[in-house]
Amino acid sequence: FASIENHTAREEVLRRHIMDVDLVPYTDACATFATIEAINKQGHYLVALPYKIGIFSATFVGVTAIPMVFHLPTIEWFNVWAVTTDVPELRDLETPLEVSIWSWNWMEPPLGLASFVLLCMQYVRGQMLNLGMKPYTGWIKAHRGQKLANAFPQY
């Protein structure tokens, strides 16, 4: 099971390996494993920070984009605050789709640019993988693995 992405099984394999290499009982292997796990988690917060920022930012932008396109009070507020374009007649703002026709004039450029930038970044990542290069996640995993291999060369 350890070879099919079962993290718990992989942990157990490592504990058994520690028992075999150090010739210790299971409880001592668990203590050694806890030490390895603690060293592996050092600095995890900073390493995970770009992912957390990305998750928060994408969620925030994704949720706020909907009212910025379809919700008239939000669009009116944003128009006063940032856009200052002429407001269409009320008969042209009766439905969310009519509202979106007005708001799309200024929402299309940032949404289109964001979509294009994400597309380009996905393309670059795919080409990096094709060339065997390691994007951020691969680099972090390799760095953590090397740190553990240096700290515990016997395993």
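Preceding this paragraph is the structure being described.
Here the residue numbers are simple positions, counted from 1 along each chain's written sequence. Given that this is a predicted model, residues contribute local features only at a pLDDT of at least 70 and side-chain atom pairs are listed and counted only at 80 or more, while totals for whole chains, interfaces and linings are drawn from all residues. By convention in this description, side-chain values take in all heavy atoms of the structure and omit both hydrogens and water.

> Please set out the overall build of the chain residue by residue, giving values where relevant.
From N to C terminus, the chain includes six helices and zero strands. Under the scheme used here, helices are H or I runs from DSSP no shorter than 4 residues and strands are E runs no shorter than 2 residues, and both carry numbers assigned from the N terminus. Its helices and strands in sequence order give the chain the pattern α-α-α-α-α-α, from N to C terminus. Atoms considered for the radius of gyration are the C-alpha atoms alone. The globule rule reads 2.2 Å times the number of residues to the power 0.38. Against the 2.2 N^0.38 benchmark of 15 Å for 155 residues, the chain shows a C-alpha radius of gyration of 26 Å, more extended than a compact globule. In terms of its C-alpha atoms, the chain occupies a principal-axis envelope of roughly 80 × 35 × 30 Å. The contact definition used throughout considers only heavy atoms, calling two residues in contact when any of these lie within 4.5 Å. Here the analysis covers contacts within the chain between residues at least 6 apart in sequence; of these, 49% occur between residues at least 24 apart. Accessible surface, the chain: about 11500 Å² in total, of which carbon and sulfur atoms supply 67%. In the chain, which carries 11 positive and 14 negative side-chain charges, the distance between the mean positions of the two groups comes to 16 Å. Residue exposure ignores everything except the shown protein chains as possible cover, and the areas themselves are Shrake-Rupley values with a 1.4 Å probe. Note that His is not counted, nor are the chain ends; the positive residues are Lys and Arg, and the negative ones are Asp and Glu. Just so you know, the charge point we use is NZ for Lys, CZ for Arg, CG for Asp and CD for Glu.

> How would you explain unusual backbone geometry if you had to name every residue and give the values?
Even without glycine at this site, Leu23 takes up a positive phi of about 55 degrees. As for its placement among the helices and strands, Leu23 is situated in the loop between α1 (7–22) and α2 (26–41). Each residue is assigned to one of three classes by its accessible area relative to the maximum for its type, calculated with a 1.4 Å probe on protein chains only: buried under 20%, partly exposed between the two thresholds, exposed over 50%. A relative accessible area of 74% means that Leu23 is categorised as exposed. The backbone of Thr84 sits at a positive phi, close to 60 degrees, despite the residue not being glycine. Of note, Thr84 is situated in the loop between α4 (72–83) and α5 (96–130). Judged by its relative accessible area of 62%, Thr84 is exposed.

> Could you give an account of the packing of aromatic side chains, with specific residues and numbers?
Two measures describe an aromatic ring pair: the distance that separates the ring centres and the angle between the ring planes. Between the rings of Phe, Tyr and Trp (Trp by its six-membered ring), a pair exists once the centres lie within 6.5 Å; its type follows the angle of the planes, with under 30 degrees stacked, over 60 edge-to-face, and the other angles tilted. What the rule picks out here adds up to seven aromatic pairs. Seen from their ring centres, Phe56 and Phe60 are 6.2 Å apart, and the 15 degrees between their planes marks the pair as stacked. One end of the pair is Phe56 and the other is Phe60, both in helix α3 (residues 44–70) and four residues apart, which spans about a single turn. You can call Phe56 exposed: its relative accessible area is 59%. Three or more aromatic residues joined by ring pairs form one cluster here, namely Trp77, Phe78 and Trp81. The cationic tip of Arg15 hangs over the ring face of Phe33; the distance from NZ or CZ to the ring centre is 4.3 Å. Whether a charge sits over a ring depends on NZ of Lys or CZ of Arg being within 6 Å of the ring centre and within 35 degrees of the ring normal.

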